[in-house]
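A structural walkthrough
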Amino acid sequence: MAKLVVEVVDASDLMPKDGQGSASPFVEVEFDGQKQKTKTIHKDLNPSWNENFVFNIINPKDLPSKTIDVVVYNDRKNGHHNNFLGRVRISGVSVPLSESEATINRYPLDKRGLFSHIKGDIALRIYAVYDPSAFPEPTQPTADTTLQEINTNNKLDEENLVVGMDKDKTKKQEKEVRTFFSIGINPASAPAPAPAPAFSGGLPAEEKPETIRTDFAKAGPPPAMHMQFPMQRPEFGLVETRPPVAARMGYRGDKITSTYDLVEQMYYLYVNVVKARDLPVMDITGSLDPYVEVKLGNYKGVTKHLEKNQNPVWRQIFAFSKDRLQAHMLEVTVKDKDIGKDDFVGRVVFDLSEVPVRVPPDSPLAPQWYKLEDKKGEKTKAGEVMLGVWIGTQADESFPEAWHSDAHSVSHEILANTRSKVYFSPKLYYLRVHIIEAQDLVPGDKGRAPDTYVKIQLGNQLKVTQTFPRSINPQWNEELMFVASEPFEEFLIITVEDRIGPGKDEMLGRVILSVKDAPQRFDATKLPNALWFNLFKPAIAEEEAEKKKVVKFASKIHLRLCLDSGYHVLDESTHFSSDLQPSSKHLRKPNIGVLELGILSARNLLPMKSKDGRTTDAYCVAKYGNKWVRTRTLLDTLHPRWNEQYTWEVYDPCTVITIGVFDNHHINGSKDDARDQRIGKVRIRLSTLETDRVYTHFYPLLVLQPSGLKKHGELHLAVRFTCTAWVNMMAQYGKPLLPKMHYLQPIPVRHIDWLRHQAMQIVAARLTRAEPPLRREIVEYMLDKDYHVWSLRRSKANFHRIMSLLSGFSAVCKWFDDICHWKNPVTTCLVHVLFLILVWYPELILPTMFLYLFVIGIWNYRFRPRNPPHMDVRLSQAEAHPDELDEEFDTFPTSRPADIVRMRYDRLRSVAGRVQTVAGDLATQLERTQSILSWRDPRATAIFIIFSLIWAVFLYITPIQVVAVLLGLYWLRHPKFRSRRPSVPVNFFKRLPSKSDMLL
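Residues numbered from 1 in each chain as written. Predicted model: local features only at pLDDT ≥ 70, side-chain atom pairs only at ≥ 80, totals over all residues. Heavy atoms only, no water.

1. Considering the UniProt feature "transmembrane region" (unreviewed entry) in the protein
Taken from the UniProt record, the annotation "transmembrane region" (unreviewed entry) applies to residues 833–861 and 942–972. Here residues 833–861 runs as 86% helix and 0% strand, with 29 Å between its end C-alpha atoms. Between the end C-alpha atoms of residues 942–972 the distance is 30 Å, and the span holds 90% helix and 0% strand. (UniProt positions renumbered as here; feature names shortened; annotations may be inferred. Helix = DSSP H or I, 4+ residues; strand = E, 2+ residues; numbered from the N terminus.)

Written as structure tokens, this is what we have:
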């Protein structure tokens, strides 16, 4: 017989329950009706039991559907019942099937009810054994068993064992793994501790972030009541961590919380080389080309050399990471740049143990003058150098602009491409151009009336009106919309042209207007006045601009221009937009909170430059609202540690922050047209976060490529959403998502995608001009440029989303069908009683419905998601056929061979045929409903109206409660009174005519 082994190891940080600041805990384990408990540990909030319990598994196939209940109690000897200290419910699907796979995992204790006060966690080791001879005796586990990171390269294979079958007949199958799981570690594979720091200086010892657990599978209520979550492979799930950040540790007193409390403190040795004076002449020519070399162990930083200057000014800052220190002495040497060997001018030496520690909000350290020494350490008359040397953290204001020791191989010209920066998107407006009419147009051929149209260009945006036939006074009355950006430097070029023939057009006039002159419109109530503008030929327009003479006669065009500042210009999809504010600053609402993001580190990145003999030069980009942030680039490492924190103001909780990781391809030797490679992207919706809670997780970095889905590593983030205006935030849920102009005067759907594309191009062009540039490929990836492009994979994903939603409705229908067919007589009788009560007391119907919804919501609160959402591989249908992925990444228009395009076209026709059939069936049912009273089938219509008359008389003389009871009892009648054939109303409806027989 198969056995389940549950080893209760210990617990920590339990809630005191005895009134004296302590507790006497014991553990009760229950599985499949079998219950066992441990001994009681008196007066201990961190008890250790180390006890094994054995349970019988009657049918191993049912193990995934079973639940292991572990409850911790406080033993009250004088009381009638024990105090509840917490519980853990573990699904059998997460139980390893051998002792070798089992590890000690720590589970947080859950509450029993909404008002329970529970804290702490419990360590358990659970596994199943199918060979009785291999069943172990109770053992003492090692105390140094630790937890490890998830190994993303291993696949979990489990055996589906059947009782009574031999091992040779047992079939192995790959088992679906739930999203929430726990994975332990072998102590031998635990990472080695970090080396001791090279200097102390009163610094706190740096702690390694500890991966405590991932959320585990929990057994829930019946399927009709339980919220369903999609399952996916464990390497694509979240890993919850507990890094030593001040926000998590401040409440314990270990660290003091501060404004920089979501990241680990990383200490740096800062050297500020300001200037020098009275330097001696070293060359025969009487000149000096000085520069400063800052050396610490094998790391060396060099300032720029200044030609012929005995009093140079550098103002450069160098930062050496504490983890990379290789010496206890810092050397600052002044040298003279020469053709051959550089001359030694003098140096200053610092002992790192005497360097002061400075942490903001302390004021900046004042630099001091130091006399230069010779190589023997004696003071000389070689001049002085002004230096500032201190030990600080990444919160120091000098951190972003400093030269870092991990970028020692990067030249000064390329150094800007590795620094952290903050960017802001330009403020965008919709420019509305209403082309009304034109008058007195003069065509080139006076003998024919022109076929005129208007072409409008704003920067790279070009739009054309419809052609008005054969008139010198055309009236178009069309509205065209463009995207304009501050500071409105571009001009609007409006051209009236005559379409003479195919591919042959003649310009009849042009007018150039400045966008700055267009009035702003804040609401939909009042439009600005339309104006007449003179049209000129291009040569005449230039001449008029120079001479400014009055024109006696000119063709005219009637236009209305306005900047619609009441809209929000969409530069990203509304499904995961990060900003919903209108363009006008006067229409914006006050912020409701603050979003803080700590970009901690990444691990297990794939080498992106293996062909060049390097690994990965990774940096992160985060976008929320109009604020973009970019971390510094960490060179040649697969485990970068950024530990940078950023803050955004939040105006709407139903928004999304996007964080992307990229490989920098603009380091030394890279071409200017090189493109930074994508490593992965993470989206976090703020409305799914609890306020004032710090979320620290490893997020999988997934990239979909034509070759398939690929995991490029994991990104370690700390996120906190703080609400500063609760009333305003709750009121946001009753307000429209977009500004009111989108609803009072909506933009046509056919224009939205084009305008979004133009807004994205403007943002990308503006950010590319920054220094360092945020390149176009980065902006397009963060804004999901190709989200609207056809994808069979996305179509499947959307179809499955719809089916998963309909599954709940179908489950309710199946439950009601079981009630009608008396599958459970007790439940059916209870439904009859409830039905009769609601019929005779109809005022209870709505209260009962809302009370039922309230109970379901309270029940599901126990199984609410504990982690923020992330990219779901199974929901995205990412593991698709290679040809489907190749079609998704194809260009538009296609660049594939004709035979492949033909095959894909036939496949699309097949899919469209099924959609066509479903649409036809739906149209048939609706047409049958319409034909009931249309007399298309006179006999069917006559039967229906006579039946309606009889029912009208019957309902008039019969109380409605009696009618409801009769219909309900007929509907819930026993199966003995039912027939397998369709009912009379169904037969009548299916015989009604539709228009399907009228189709060709």
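2. Structural notes on the packing of helix α7 (residues 792–820) against helix α8 (residues 825–840)
Where α7 contacts α8, the axes come no closer than 8 Å and their chain directions differ by 95 degrees. The pairing of α7 with α8 is recorded here as roughly perpendicular in orientation. In this structure, α7 uses W815, D818 and I819 to contact α8, whose residues at the interface are T827, T828 and V831. Taken together, the residues that form the contact of α7 with α8 break down as 3 nonpolar, 2 polar and 1 charged. (Axes fitted to C-alpha atoms, helices over the stretch in contact; angles between N-to-C directions. Parallel < 35°, antiparallel > 145°, perpendicular 65-115°, else oblique. Contact = heavy atoms within 4.5 Å. Nonpolar A, V, L, I, M, F, W, Y, C, P; charged D, E, K, R; others polar.)

3. Focus on the confidence of the model for the protein
With 85% of its residues at a pLDDT of at least 70, the protein reaches an overall mean of 81. This stretch, residues 133–230, has a pLDDT under 50; its non-local contacts, to residues over four places away or in other chains, come to 195 contacts. (pLDDT = per-residue confidence, 0-100.)

4. Observations regarding the sheet that holds strand β8 (residues 121–129)
The strand order β4-β1-β8-β7 describes an open sheet built from 4 strands, whose pairing is antiparallel. Because the sheet does not close on itself, it has two edges, and the strands there are β4 (48–57) and β7 (105–108). On average, adjacent strands in this sheet sit at an angle of 30 degrees to one another, irrespective of strand direction. Both strand β1 (residues 2–12) and β4 contribute to a ladder of 8 bridges, which runs antiparallel. Note on β4: the bridge partner recorded for K3 is N56. (Pairing = 2+ DSSP bridges.)

5. Points about α8
Spanning 16 residues, α8 covers 23 Å between terminal C-alpha atoms, matching the ideal 22 Å at 1.5 Å per step. For α8, the set of buried residues is T828, V831, H832, L838 and V839. In an axial view of α8, the angular spread of the buried residues amounts to 135 degrees, which keeps them on one side of the axis. For α8, the exposed residues set more than 90 degrees away from the buried face come down to V826 and L830. Buried residues belonging to α8 abut α7, α9 (845–861) and α13 (960–971). (Expected span 1.5 Å × (residues − 1). Buried < 20%, exposed > 50% of the residue type's maximum accessible area, 1.4 Å probe, protein only. Arc of directions from axis to C-beta.)

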